Amino acid sequence: MNFSKSDLNPNRAGKGERFSRAGFILAAIGSSVGLGNMWKFPYITGENGGAAFFLLFIVCLLLIGLPVLLAELAIGRSGRGSAATAFIKAGGHKGWLAAGLLQVLTPFIILSFYIIIAGWTLHYAVTSFSGTLFNSEDYAGQFNNFVGGYMPIVWQLISVLITGWIVAKGVSNGIEKFNKILIPSMLVLLIVLMIRAVTLPGSGAGVSFFLNPDFSQLTTESALVALGHAFFSLSLGMGILITYGSYVDKSQSLGAATVAVGAGDLIYAFIAGLIIFPTTFSFGIAPDQGPSLIFIALPAAFSAMPLGFLFAGLFFVLLAIAALTSAVSLLEVPVKYLMERLSWSRNRAVWVVSLAIFIVGLPSVLSLGLFPEWKIGSMSVFDWLDFVASNVFLPVGGLLVTIFAGYFWKTAAEASGLSSGWFRIWLFMLRYIAPILVLLVLLHTSGIIRF
């Protein structure tokens, strides 16, 4: 791909669009509070011993998550362009364009299969409120029948249209307003569901599992999983925070914003744990059932509680909100790139990318149901794209961020806005701690090292 100085024109990518201070914090929290917090975090915590794993996750969040998060925001604000050109605009060599393009490709691939799961959450929200989810107690059969039919494509399309409609309205009128409404709404739903969960008979065992650590349950594998989730849960390595950083006002403290986003991510994950584990323990459901915990095991638990259809509906609405807030942030990355690269209007860029997302996602959704023989190697198309994007591209992207900010970025001190003391700590983390940990994540998630 040819690259010219005209590609660095900030007026070609957003025309001065900006977040308000609160709007940015909520949008960044929305990007991180997705299915990773509500779906993946509970089951990997269940698989790795509960409370001890949660504490390990917090340590990893401090060691790897926050330093890289601040670096991405600072690069974005300094560059004021798309994720593709941010490294160059921030003062890097043109060779860093390849790292930037990876930050655009990764969210595009992730969104192509992530939007499918978002559709599932919408389907389950509707069937929960209507009561049809509880017509049969064979929840595994219901899930398999749903995934094996055509309806996931319909819900995939609905999710794409909702996401595109929000992003098409712009940064302040679309993304910011959407998150200002839905992030607080999500918190309210979380608290309501948490109160219901911790007051269930027998829920105390679940609370204890999540809050009373047993460090004998931890393994080296657990540490690597915690490292990976600390990295992924903050939406690092996928261009989102670089893109969002380009919309942040220069007067906003990036250090304070980093702490706020990290705290928000942690709080939502904490409350999600206080919903999942008390509920599963109350109804005798093992907390280590993996991805099926949400779509198969939990509906069985909701069916057994008073007003279960209502709480199930609220839970899946919560999941849908979490999925859509992340989908919006994922879509914004390639949209901004096309606006910058091709001088397209936001509307045109949004709907071209949305159509491409839907088309690219079709083999994934079909490989899970109607055409299970569609495989790449031994994996379904869905699982293969998930593996490549999540386990290879994401940590590689994050590793490049740490190398750029730690070793090649001459104006990092000014861009970060940190005091000299905090800057030295941050730079030490970026040079000597975060790269090693991100490399371990890459080696583990790609399957090169196992314990």
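An account of the accompanying structure is given in this report. These numbers come from a predicted model, not from an experiment.

Helix and strand counts for the chain stand at 18 helices and two strands. Against the globule reference of 22 Å for 451 residues, the chain gives a C-alpha radius of gyration of 21 Å, in line with a compact fold. Viewed in the frame of its principal axes, the chain has a C-alpha envelope of about 60 × 45 × 45 Å. In the chain, which comprises 451 residues, the proportion classed as buried is 61%. When contacts within the chain are restricted to residue pairs at least 6 apart in sequence, those whose partners lie at least 24 apart make up 83%. Summed over all atoms, the accessible surface of the chain reaches about 16700 Å², with 68% contributed by carbon and sulfur. Taking the 24 positively charged and 18 negatively charged side chains of the chain as two groups, their mean positions are separated by 16 Å.

Right, let's talk about helix H18 (residues 420-445) for a bit. An α-helical turn contains 3.6 residues, so a residue and the one three or four places further along point in the same direction. Counted at 1.5 Å a residue, the expected span for H18 with its 26 residues is 38 Å, and the 35 Å between its end C-alpha atoms agrees. Where H18 bends most, the angle comes to about 45°, and this point is Leu 430. The positive-phi residue at the C-terminal boundary of H18 is Gly 447, with phi of around 90°.

The next subject is helix H7 (residues 151-168). With 18 residues, H7 should cover 26 Å at 1.5 Å per step; its first-to-last C-alpha distance of 26 Å lies within 8% of that length. Taken residue by residue, H7 has Pro 152, Ile 153, Trp 155, Gln 156, Ser 159, Val 160, Thr 163, Gly 164, Ile 166, Val 167 and Ala 168 as its buried positions. Along its buried surface, H7 packs onto helix H5 (97-130), helix H6 (139-147), helix H8 (171-198), helix H14 (308-342) and helix H15 (346-367). Of the residues one or two after H7, Gly 170 is the one with positive phi, at around 105°.

With that out of the way, let us pick up the packing of helix H16 (residues 381-408) against H18. It is the contact of H16 with H18, at a shortest axis distance of 9 Å, that shows an interaxial angle of 165°. Relative to H18, H16 is oriented roughly antiparallel. Judged by the twist between their axes, the crossing of H16 over H18 is left-handed. When H16 is examined against H18, the residues Phe 387, Asn 391, Val 392, Pro 395, Val 396, Gly 398, Leu 399, Thr 402, Ala 405, Gly 406 and Tyr 407 are found in contact with a partner set consisting of Leu 427, Leu 430, Arg 431, Tyr 432, Ala 434, Pro 435, Val 438, Leu 439, Val 441, Leu 442 and Thr 445. In the contact of H16 with H18, the residues fall into 16 nonpolar, five polar and one charged.

On to the pattern of salt bridges, then. All told, the structure shown has four salt bridges when counted by the stated rule. Two residues, Glu 176 and Lys 180, come together in a salt bridge whose shortest N-O distance is 3.0 Å. Of this pair, Glu 176 and Lys 180 are both found in helix H8, four residues apart, which corresponds to roughly one turn of the helix. Of the charged contacts, one joins Glu 332 and Arg 346 as a salt bridge, the two residues approaching to 2.8 Å between their closest N and O atoms. Here Glu 332, found in helix H14, pairs with Arg 346, found in helix H15; they are 14 residues apart in sequence, far enough to count as distant. Here Glu 332 matches Arg 346 in class, with each residue buried.

A word on the environment of Ser 31. By secondary structure assignment, the location of Ser 31 is in helix H1 (residues 21-32). Counting along the chain gives 202 residues from Ser 31 to Ser 233, while the straight-line C-alpha distance between them is 9.0 Å.

The tally for this structure, following the rule as stated, stands at 32 aromatic pairs. Geometrically, the ring pair formed by Phe 231 and Phe 232 is edge-to-face, given 5.7 Å between the ring centres and 80° between the ring planes. Taken as a pair, Phe 231 and Phe 232 share a single burial class, namely buried. Consider the rings of Phe 423 and Trp 426, whose centres lie 5.9 Å apart with planes at 55°: the pair is tilted. Separated by three residues within a single helix, Phe 423 and Trp 426 lie in helix H18, roughly one turn from each other. Residue Phe 423 shares its accessibility class with Trp 426, and that shared class is buried. Here the aromatic cluster, defined as three or more aromatic residues joined through ring pairs, consists of Phe 41, Phe 54, Phe 57, Phe 209, Phe 210, Phe 270, Phe 277 and Phe 281. It is Arg 196 that lies over the ring of Phe 311; its NZ or CZ is 5.8 Å from the centre. Geometry around Tyr 407 places Arg 431 over its ring, the cationic atom sitting 5.5 Å from the centre.

Orientation of helix H9 (residues 204-211) relative to helix H12 (residues 254-282), taken along the N-to-C sense of each, is 140°, at an axis distance of 7 Å. In terms of orientation, H9 lies oblique with respect to H12. Relative to H12, the crossing made by H9 is right-handed. Facing H9, whose interface residues are Ala 205, Gly 206, Val 207, Phe 209, Phe 210 and Leu 211, H12 presents Ala 269, Phe 270, Gly 273, Leu 274, Phe 277, Pro 278 and Phe 281. Tallied by class, the residues present in the contact of H9 with H12 amount to 11 nonpolar, two polar and no charged.

Rules used throughout
- Per-chain numbering applies: the sequence of each chain, read as written, is numbered from 1 onward.
- Thresholds applied to this predicted model are a pLDDT of at least 70 for local features of residues and 80 or more for the giving and counting of side-chain atom pairs; totals over whole chains, interfaces and linings are not thresholded and use all residues.
- Neither water nor hydrogens contribute to the side-chain values; these are computed over all heavy atoms in the structure.
- Each helix is a run of DSSP H or I of at least 4 residues and each strand a run of E of at least 2, with the numbering of both proceeding from the N terminus.
- We compute the radius of gyration over the C-alpha atoms and compare it with the globule rule, which gives 2.2 Å times the number of residues raised to the power 0.38.
- Partly exposed residues are those whose accessible area sits between 20% and 50% of the maximum for their type, while under 20% is buried and over 50% is exposed, using a 1.4 Å probe and protein chains only.
- The contact criterion used is simple: two residues touch if any of their non-hydrogen atoms lie within 4.5 Å.
- Note on areas: Shrake-Rupley, 1.4 Å probe, and residue coverage restricted to the protein chains presented here.
- Neither His nor the chain ends is counted toward charge; the positive residues are Lys and Arg and the negative residues Asp and Glu.
- Each charge is placed at NZ for Lys, CZ for Arg, CG for Asp and CD for Glu.
- Expected helix span is given by 1.5 Å per residue-to-residue step, counting one fewer step than there are residues.
- Throughout, the bend at a residue refers to the angle made by two axes, fitted to the seven residues ending there and to the seven starting there.
- Helix axes use the C-alpha atoms of the stretch in contact, all axes being lines fitted to C-alpha atoms, and the angles between their N-to-C directions lie in the range 0 to 180 degrees.
- Throughout, the term roughly parallel applies to angles under 35 degrees, roughly antiparallel to angles over 145, roughly perpendicular to angles from 65 to 115, and oblique to all others.
- Here a crossing is taken to be left-handed if its near helix is turned anticlockwise relative to the far helix by less than a right angle, and right-handed if that turn runs clockwise.
- The nonpolar class holds Ala, Val, Leu, Ile, Met, Phe, Trp, Tyr, Cys and Pro. Asp, Glu, Lys and Arg form the charged class, and all remaining residues, Gly among them, are polar.
- Between Lys or Arg on one side and Asp or Glu on the other, a salt bridge is scored when a side-chain nitrogen of the former is within 4 Å of a carboxyl oxygen of the latter.
- Whether two aromatic rings pair depends on their centres lying within 6.5 Å, for rings of Phe, Tyr and Trp, where Trp uses its six-membered ring; planes under 30 degrees apart make the pair stacked, over 60 edge-to-face, and the rest tilted.
- Lysine and arginine charges are scored as sitting over a ring when NZ or CZ, respectively, is within 6 Å of the ring centre and within 35 degrees of the ring normal.

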